[in-house]
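One letter stands for each residue in the lines below.
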Amino acid sequence: DGMMFALADRFLPELDDGSLAAIEQVLAGMEGSPARGPFLIDCLAPSGRLDGARGWQLFGSLSFDSERLALLEALVPRQSSVDGAQVTAAVGSMHFDSGRKEALTLLAPKARPVDARVAEAAAAGFSFDANRLAAVATLAQDGGLRLDDAQLVALVGRCSFDAGRVTCVETLAPCLDGAPDAAAARALLELFSFDAGRQRVVEVLAGRWRALDPAARERLLETFSFSSNRDRARATLQG
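Residue numbers restart at each chain and count upward from 1, following the sequence in its written direction. Restriction of local features to residues with pLDDT of at least 70 applies here, the model being predicted, together with a cutoff of 80 or more for giving and counting side-chain atom pairs; totals for whole chains, interfaces and linings are based on all residues. Calculation of side-chain values draws on the structure's entire complement of heavy atoms; hydrogens and water are dropped beforehand.

J.: Requested: an account of the pattern of salt bridges, with residues and values cited.
T.: By convention in these notes, a salt bridge is any Lys or Arg side-chain nitrogen within 4 Å of a carboxyl oxygen on Asp or Glu. All told, the structure shown has 18 salt bridges when counted by the stated rule. Two residues, Asp 115 and Arg 117, come together in a salt bridge whose shortest N-O distance is 3.0 Å. Owing to a relative accessible area of 34%, Asp 115 belongs among the partly exposed residues under this scheme. Relative accessibility thresholds used throughout: buried, under 20% of the residue-type maximum; exposed, over 50%; partly exposed, between the two (1.4 Å probe, protein chains only). Accessibility expressed as a relative area gives 64% for Arg 117, which makes it exposed. Measuring nitrogen to oxygen at the nearest pair gives 2.8 Å for the salt bridge that ties Glu 170 to Arg 200. In this pair, Glu 170 is assigned in helix H11 (residues 162-172) and Arg 200 in helix H13 (residues 195-209), connecting sequence segments 30 residues apart. Several salt bridges share partner residues, and in doing so they unite Glu 170, Arg 200, Glu 203 and Arg 232 into one network. Secondary structure elements are taken from DSSP: a helix is a run of H or I of four residues or more, a strand is a run of E of two residues or more, and numbering for both begins at the N terminus.

J.: Tell me about the nonpolar core, and please be specific about residues and values.
T.: Here, nonpolar core refers to any group of buried Ala, Val, Leu, Ile, Met, Phe, Trp, Tyr and Cys residues whose side-chain atoms link them within 4.5 Å. Core analysis: the biggest nonpolar cluster contains 73 residues, and Trp 56, Leu 107, Leu 147, Leu 172, Leu 188, Leu 205 and Trp 209 have the highest contact counts within it. Considering each element in turn, this core owes the most residues, six residues, to helix H3 (residues 36-47). Whether two residues are in contact is decided by their heavy atoms: any pair within 4.5 Å suffices. Once you skip the residues sitting within four places of it in the chain, Trp 56 turns out to touch Leu 72, Leu 75, Val 76, Gln 79, Val 82, Gln 86, Ala 89, Ala 90 and Leu 107.

J.: Just give me the short version of helix H7 (residues 97-111), but keep the residues and values in it.
T.: Given a rise of 1.5 Å per residue, 15 residues ought to cover 21 Å, and the 19 Å separating the end C-alpha atoms of H7 matches this to within 8%. A residue's bend is simply the angle between two axes: one fitted to the seven residues ending at it, one to the seven starting at it. In the structure, H7 departs most strongly from a straight axis at Thr 105, where the bend amounts to approximately 30° and where the proline Pro 109 lies between one and four residues downstream. Considered for burial, the residues of H7 that qualify are Asp 97, Gly 99, Arg 100, Ala 103, Leu 104, Leu 107, Ala 108 and Ala 111. Buried residues belonging to H7 abut helix H4 (53-56), helix H5 (65-75), helix H6 (84-93), helix H8 (116-124) and helix H9 (129-140). Each helix should span, by expectation, one fewer than its residue count multiplied by 1.5 Å.

None of this, on its own, says anything about what the molecule does.
Given below as structure tokens:
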């Protein structure tokens, strides 16, 4: 490490003009070297040479999620806030859900408020519902995520099974803003395979959906498969 730092001090002022292309040329000369990660993480990042956009563009030059997370740990404390493009780049660079989860845990406190489109892009990158739901909860924590009804549908639609969809609605219901949208409300219920999931969603969102006109509420009930479940949901919506 001492030799690497000495070489960096000697040659980087001549080789690195601050551009992405310049640092990529330096890294190309380290192709296959185990020193590439430490060079970025321990040498360049603390010195400020990765501040700005190019630090976030270099995740792909690292081979392992552990290295990418270490680079993230070096970059995030140097910024007062993190934008949506940086969240998307960092999470998208990870190969496994465990890395994606850790990345969001690091980023979320500095990314608030999180744009709903960024949240959907992040959720889409996860392979399993349990990890996707944990990510959504991280983004929604402390009011960090605001959604309209259509954006809720998009996020819930990323889940593979009714159980995950229900949990996603329960997690994101406090994040909803604006007036309820009848078409989006019906689209949400249509995501579910079974009436049990639909009934739970009605229970969670009844306070919001009671603002819909009676005809719109009846259209929601058309998504139920059985009349007994439809009647129960109707009673819930009527309050």
